[in-house]
Amino acid sequence: MNRFAGALLLGCCVVLSGCKEVVSVAKVGVRAERAFQDDTPITPVSQPDRYAMFSDILKVHRARAERVARISRALRVANAPICSVTRPDIGLSTHQLSDYPEPIRPLAMHFMEIEEDGRFVHFVVPDSPADDADIRRGERILSGWPVSDAAPLTLETEQGPQAIAIDPDTACAIPAFVVQSDRLNASTDGREIDLSSALVDQAGDDSGLAFIIAHEMAHVIRPPAEGASRWDVELQADADALVLMRNAGFDIDGTVRVWAAGVELHRDSQALSLTHPPVDIRLQALRRALSETQRRSSLVAPGEVLRLD
Ligand SMILES: [Zn+2]
């Protein structure tokens, strides 16, 4: 079974209103918290079963968040020239104890290398400026976060506070987060992207996940044209996603091939979708968009960014 196509077909919707909190860890925490009926802190002694369960949740969540951050960053940096809102990006994710609900804070401290006070490095995206500067998980951030031109990032080191010289990349200001959920869903409120943990797990290889993220980014970069039908908006986002992926160096030809291979299996479920066109229409449009993106790509110098025309 082609899980990537299934995830993609079922996932993806756009929500254009609302303004959400930009803390991914808090999101997993809030979901996790629903499993609790009381405020008893989770420790190996007080609640061994829950301790084991939530320690796994935290570790798996971090692995997913790292993967999404790596792929999303590649798309955001490569497409910065065509995003209207950008921000400095060094490939660093941070967290603090208050990002986690009270009952799982003992776990967070134990497994996530954080302490009662302060902000700490959650993870570093490989080959990012933060990685090049040798910033490592668990280090305490004293000041300069979020990264800006105004002040350097200062970390606590054995030799005392140390200002880190980092040359940030410029990236589209469209962060992608993982929300703990069994539903296959991706959405954007026009500012950031939420991906359900189930969707990330079923997205297939990096190109498959990149396509889902790029599709949502496309909804943000190109707001729906007035009068456009819901189907038109979705087909446009599919086409734009291929351009964004091409700019970031992903294999768009392979992505469409994998997508096509999964179509048969999902024709029936997709037919029930209220928001998305039938798979055959979508695949046809995707193939056209692939040819067009490849044609446009052949007309520009390698590395030149294609715009969403
Ligand atoms: Zn969409």
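> Explain the overall build of the protein to me, please; I cannot follow it from the model alone.
A count of helical and extended segments in the protein gives 11 helices and 11 strands. Residues counted as buried form 50% of the 309 residues belonging to the protein. Within the protein, residue pairs in contact and separated by at least 24 positions form 66% of the contacts whose partners lie at least 6 positions apart. Roughly 14,600 Å² of accessible area belongs to the protein as shown, and the carbon and sulfur atoms make up 50% of that amount.

> Explain the pattern of salt bridges to me, please; I cannot follow it from the model alone.
Where side chains of opposite charge bring their charged atoms close, a pairing between them can arise. Here the structure, examined in full by the defined rule, presents 19 salt bridges. Residue Glu113 pairs with Arg62 through a salt bridge whose shortest N-O separation is 3.3 Å. Of this pair, Glu113 sits in the loop between α4 (105–111) and β4 (119–124) while Arg62 sits in helix α3 (residues 48–78), and the two are 51 residues apart along the sequence. In this structure Arg62 comes out as buried when scored by relative accessible area, which is 6%. Among the charged side chains, a network of salt bridges with common partners joins Arg73, Arg76, Asp89 and Asp169.

> Hey, could you run me through the sheet that holds strand β3 (residues 92–96) in this one?
Pairing between the strands of a sheet comes from backbone hydrogen bonds, and it takes one of two forms, parallel or antiparallel. An order of β3-β4-β5-β6-β7 is seen for the five strands of this open sheet, with the pairing classed as antiparallel. Of all the strands in the sheet, just β3 and β7 (160–164) have a single pairing partner and so form its edges. When the angles between neighbouring strand axes are averaged without regard to direction, this sheet yields 45°. Pairing of strand β5 (residues 140–143) with strand β6 (residues 153–157) involves two bridges; the strand directions are antiparallel. Paired with Ser143 across the strands is Thr154, a residue of β6.

> So what exactly am I meant to see when it comes to the packing of helix α7 (residues 206–221) against helix α8 (residues 230–247) here?
The angle between the axes and the distance between the axes are what describe a pair of packed helices. Two elements in contact, α7 and α8, have axes whose closest approach is 7 Å; the angle formed by their N-to-C orientations is 120°. The two elements α7 and α8 meet at a crossing, and its hand is right-handed. Where α7 abuts α8, its residues Ser207, Ala210, Phe211, Ala214, His215, Met217, Ala218, His219 and Ile221 lie against Val233, Glu234, Ala237, Asp238, Asp240, Ala241, Leu242, Leu244 and Met245. A class-by-class count of the residues in the contact of α7 with α8 yields 12 nonpolar, three polar and three charged.

> Please explain the pairing of β6 as it appears in this structure.
Inspection of the sheet shows β6 paired to β7 by five bridges, in the antiparallel sense. When the bridges of β7 are listed, Glu156 appears paired with Pro161. Here β6 hands over to β7 after two residues, the two strands then running antiparallel side by side.

> Any chance you could explain the confidence of the model for the protein here in plain terms?
Detail in the predicted coordinates should be disregarded across regions flagged by low pLDDT. Averaged over the protein, the pLDDT score is 84; the fraction of residues at 70 or greater is 84%. Every residue in residues 1–37 is under pLDDT 50, and counting partners more than four places away or in other chains gives 113 contacts.

> Any chance you could explain the packing of aromatic side chains here in plain terms?
The description of an aromatic ring pair uses the distance of the two centres, along with the angle that the planes make with each other. Following the criterion strictly, the structure yields one aromatic pair and no others. Their ring planes at 50° and their centres at 5.7 Å tell us that Tyr51 and Phe111 sit as a pair that is tilted. A residue pair is termed long-range when its members are at least 10 positions apart, and Tyr51 in helix α3 and Phe111 in helix α4 qualify at 60 residues. The same class applies to Tyr51 and to Phe111, which are both buried.

> Hey, could you run me through unusual backbone geometry in this one?
Glycine aside, negative phi is the norm for most residues, and most peptide bonds take the trans geometry. Cis geometry marks the peptide bond from Trp145 to Pro146, where omega comes out at -5°. Phi at Glu113 takes a positive value of approximately 55°, unusual for a residue other than glycine. In the Ramachandran plot, Asp127 falls in the positive-phi region, its phi being about 65° despite a non-glycine side chain. By the secondary structure assignment, Asp127 is in the loop between β4 and α5 (129–132).

> Hey, could you run me through α8 in this one?
Three- or four-residue spacings in an α-helix give side chains the same orientation, since the helix completes a turn every 3.6 residues. Between its first and last C-alpha, α8 extends 26 Å over 18 residues, near the 26 Å set by a 1.5 Å rise per residue. Along α8, 13 of the 18 residues are buried, which leaves the element largely enclosed by surrounding structure. One or two positions beyond α8, positive phi appears at Gly249, with a value near 85°.

> Explain the nonpolar core here, please?
The nonpolar side chains of soluble globular proteins are, as a tendency, buried together. In this structure, Leu75, Leu195 and Ile213 are the most contacted members of the largest nonpolar core, which totals 45 residues. Of all the elements in the fold, those that place two or more residues in this core are α3, β9 (176–179), β11 (193–196), α6 (197–201), α7, α8, α9 (252–262) and α11 (279–298). The biggest single contributor to this core is α7, with nine residues. Both domains that furnish three or more residues to this core are identified here as domain 1 (23–171) and domain 2 (175–298). When neighbours within four sequence positions are excluded, Leu195 is seen to be in contact with Val68, Phe177, Val178, Val179, Asn185, Ala186, Val200, Leu209, Ile212 and Ile213.

> I would appreciate a short explanation of the state of the cysteines in the present structure.
Think of a disulfide as a covalent bridge from one cysteine sulfur atom to another cysteine sulfur atom. What the rule picks out here adds up to one disulfide. Between Cys83 and Cys172 runs a disulfide, and the two sulfur atoms are separated by 2.1 Å. The sign of the 85° torsion about the S-S bond sets the Cys83-Cys172 disulfide as right-handed. With Cys83 in the loop between α3 and β2 (86–89) and Cys172 in strand β8 (residues 169–172), this pair connects stretches of sequence that are 89 residues apart.

Conventions adopted
Residues numbered from 1 in each chain as written. Predicted model: local features only at pLDDT ≥ 70, side-chain atom pairs only at ≥ 80, totals over all residues. Heavy atoms only, no water. Helix = DSSP H or I, 4+ residues; strand = E, 2+ residues; numbered from the N terminus. Buried < 20%, exposed > 50% of the residue type's maximum accessible area, 1.4 Å probe, protein only. Contact = heavy atoms within 4.5 Å. Areas by Shrake-Rupley, 256 points an atom, 1.4 Å probe, with all protein chains shown as cover. Salt bridge = Lys/Arg side-chain N within 4 Å of Asp/Glu carboxyl O. Pairing = 2+ DSSP bridges. Axes fitted to C-alpha atoms, helices over the stretch in contact; angles between N-to-C directions. Left-handed = near helix turned anticlockwise from the far one by under 90°. Nonpolar A, V, L, I, M, F, W, Y, C, P; charged D, E, K, R; others polar. pLDDT = per-residue confidence, 0-100. Phe/Tyr/Trp six-rings, centres within 6.5 Å; stacked < 30°, edge-to-face > 60°. Expected span 1.5 Å × (residues − 1). Core = buried A, V, L, I, M, F, W, Y, C linked by side-chain atoms within 4.5 Å. Domains from an automatic or database assignment. Disulfide = S-S within 2.5 Å.

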